[in-house]
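Letter by letter, the chains look like this.
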Amino acid sequence: MSRVKKEKKTAVGNMIAVMFADGKVTPEEAQLLAGVCMKLGITPEEKQAILEKGAKNITRTFTPAKDNDGLVNQLLPAVMMMMADGDIAPFELKFCESYATALGLPSAIVSELIELIHEGVNQDQDKDAICEQLLSTYDQFLKRDHSKW
């Protein structure tokens, strides 16, 4: 299996772990999963196998990174995969937002981080440059006074 295909299956597996985190999968989540799999070139058979593995291992928890660098490096590939065709469709944006929230990123910064990734990819920036910008933005966000929120 190619590295790219493996990364895509891992992303779908993480998505399934997030979906099962509350013990149930809603019809909206199932529809979102189908759309993401189609977008990533995951066949219905592969999706079913990943889904069955996730269902059997329902106790598996999605484990976000323990530091900001890790969080950014988990979010970046997911967003980049969703915009492989140059844009993010509404259902893909919803997945990216859900994924970012599951990683533990505050919802108040998620849209901005996704937009930074979108802009960086469209400007042909490399992953390291995008990560640096995300980390800087996230660090600035964390330093602000959030007691009003």
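Thresholds, definitions, all that
Residues numbered from 1 in each chain as written. Predicted model: local features only at pLDDT ≥ 70, side-chain atom pairs only at ≥ 80, totals over all residues. Heavy atoms only, no water. Helix = DSSP H or I, 4+ residues; strand = E, 2+ residues; numbered from the N terminus. Contact = heavy atoms within 4.5 Å. Areas by Shrake-Rupley, 256 points an atom, 1.4 Å probe, with all protein chains shown as cover. Axes fitted to C-alpha atoms, helices over the stretch in contact; angles between N-to-C directions. Parallel < 35°, antiparallel > 145°, perpendicular 65-115°, else oblique. Nonpolar A, V, L, I, M, F, W, Y, C, P; charged D, E, K, R; others polar. Expected span 1.5 Å × (residues − 1). Buried < 20%, exposed > 50% of the residue type's maximum accessible area, 1.4 Å probe, protein only. Core = buried A, V, L, I, M, F, W, Y, C linked by side-chain atoms within 4.5 Å.

Helix and strand counts for the protein stand at 7 helices and 0 strands. Starting at the N terminus and ending at the C terminus, the protein contains elements arranged as α-α-α-α-α-α-α. Residue pairs in contact within the protein that sit at least 24 positions apart in sequence constitute 68% of those at least 6 positions apart. Summed over its atoms, the accessible surface of the protein is roughly 8600 Å², and 54% of this surface lies on carbon and sulfur atoms.

Glancing now at the packing of helix 2 (residues 27-40) against helix 5 (residues 90-103). Put simply, helix 2 and helix 5 touch, their axes get as near as 10 Å, and they point 105 degrees apart. Comparing the axis directions of helix 2 and helix 5 gives the class roughly perpendicular. Where helix 2 abuts helix 5, its residues Leu32, Gly35, Val36 and Lys39 lie against Phe91, Glu92 and Phe95. A breakdown of the residues in the contact of helix 2 with helix 5 according to their chemical character gives 4 nonpolar, 1 polar and 2 charged.

The next thing to look at is the environment of Phe95. Following the sequence through the fold, Phe95 ends up in helix 5. Sequence separation of Phe95 and Leu33 is 62 residues, and the distance between their C-alpha atoms is 8.5 Å. Setting aside anything within four residues of it in sequence, one finds Phe95 in contact with Met15, Leu32, Val36, Ala78 and Met82.

Relative to the 20 Å expected for 14 residues at 1.5 Å per residue, helix 5 spans 20 Å between its end C-alpha atoms, a close match to the ideal helical length. Gly104 occupies a position one or two residues after helix 5 and carries a positive phi of about 105 degrees.

Turning our attention to helix 7 (residues 127-143). With 17 residues, helix 7 extends 24 Å from end C-alpha to end C-alpha; this agrees with the ideal 24 Å at 1.5 Å per step. Within helix 7 the residues assigned to the buried category are Ile130, Cys131, Leu134, Leu135, Thr137, Tyr138 and Phe141. Where helix 7 is buried, its residues meet helix 4 (68-82) and helix 6 (107-122).

What follows is about the nonpolar core. Grouped together as the largest cluster of nonpolar side chains are 41 residues, with contacts concentrated most on Val12, Leu75, Val79, Phe95, Leu105 and Leu134. For this core, the secondary structure elements donating two or more residues are helix 1 (3-20), helix 2, helix 4, helix 5, helix 6 and helix 7. Ranked by residues supplied to this core, first place goes to helix 4 with 8 residues. With near-sequence residues (within four places) excluded, Leu134 lies in contact with Val72, Leu76, Leu113, Leu116 and Ile117.

From the geometry alone we can't say anything about function, so treat these as descriptive.
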